[in-house]
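The chain contents come next:
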Amino acid sequence: MPLAELIPLVRDLSPSEKLSLFKILAQDIPETELKAFYSSREAASVLAEMTDPDDEPAELVLDSLKQAWGEVQVGRTRPLSELWDDEDE
């Protein structure tokens, strides 16, 4: 199925379904491919397109994504309902 057809389907998923999908994808993408993507110009280009002048610099976003991806790969995740608990305090 082409990616263009998948995007609307993913958008319709619940937050917990999206997290489950993310975990499945994390297991299916070899670490070597991730490293190649993170170090590629394509990654920098994708981040540049997504950023707003008021946002964090692309380098900080990329570092954060790398850390988050590593945590998902080793199973260090939290339920979505708990993600912002610390923010309320």
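All figures in this text were calculated on a predicted structure; none of them were measured in a lab.

The helix and strand tally for the protein chain stands at five helices and zero strands. Scanning the protein chain from its N terminus toward the C terminus, one meets helices and strands in the order α-α-α-α-α. Looking at the protein chain as a whole, 9% of its 89 residues qualify as buried. A fraction of 62% describes how many contacts in the protein chain between residues 6 or more apart in sequence connect residues 24 or more apart. Counting every atom, the protein chain has about 7,400 Å² of accessible surface; 55% of that belongs to carbon and sulfur.

Roughly 160 Å³ of internal volume is contained in the second largest pocket. Taken together, Leu19, Ala68, Glu71, Val72, Arg76, Thr77, Arg78, Leu80 and Leu83 form the lining of the second largest pocket. Among the elements that line the lining of the second largest pocket, the one with the most residues is helix α5 (residues 58-73), at three residues. For the lining of the second largest pocket, the class distribution of residues is five nonpolar, one polar and three charged.

Side chains of Met1, Leu3, Leu6, Ile7, Leu9 and Val10 sit close together on the surface and give an oily, nonpolar patch of about 560 Å² of accessible area. Secondary-structure assignment places Met1 in the segment before α1 (3-11). A residue is classified by how much of its surface remains accessible, and Met1, at 67% relative accessible area, is exposed.

About the thresholds
- Residues numbered from 1 in each chain as written.
- Predicted model: local features only at pLDDT ≥ 70, side-chain atom pairs only at ≥ 80, totals over all residues.
- Heavy atoms only, no water.
- Helix = DSSP H or I, 4+ residues; strand = E, 2+ residues; numbered from the N terminus.
- Buried < 20%, exposed > 50% of the residue type's maximum accessible area, 1.4 Å probe, protein only.
- Contact = heavy atoms within 4.5 Å.
- Areas by Shrake-Rupley, 256 points an atom, 1.4 Å probe, with all protein chains shown as cover.
- 1 Å grid on protein atoms, 1.4 Å probe; cavity = no way out; pocket = protein on both sides within 12 Å on 5 of 7 lines; lining within 4 Å.
- Points joined across faces, edges and corners; volume = space filled by probe spheres on them.
- Nonpolar A, V, L, I, M, F, W, Y, C, P; charged D, E, K, R; others polar.
- Patch = residues over 30% accessible without salt bridge, like charges linked within 9 Å, V, L, I, M, F, W, Y side chains within 5 Å.
- Salt bridge = Lys/Arg side-chain N within 4 Å of Asp/Glu carboxyl O.

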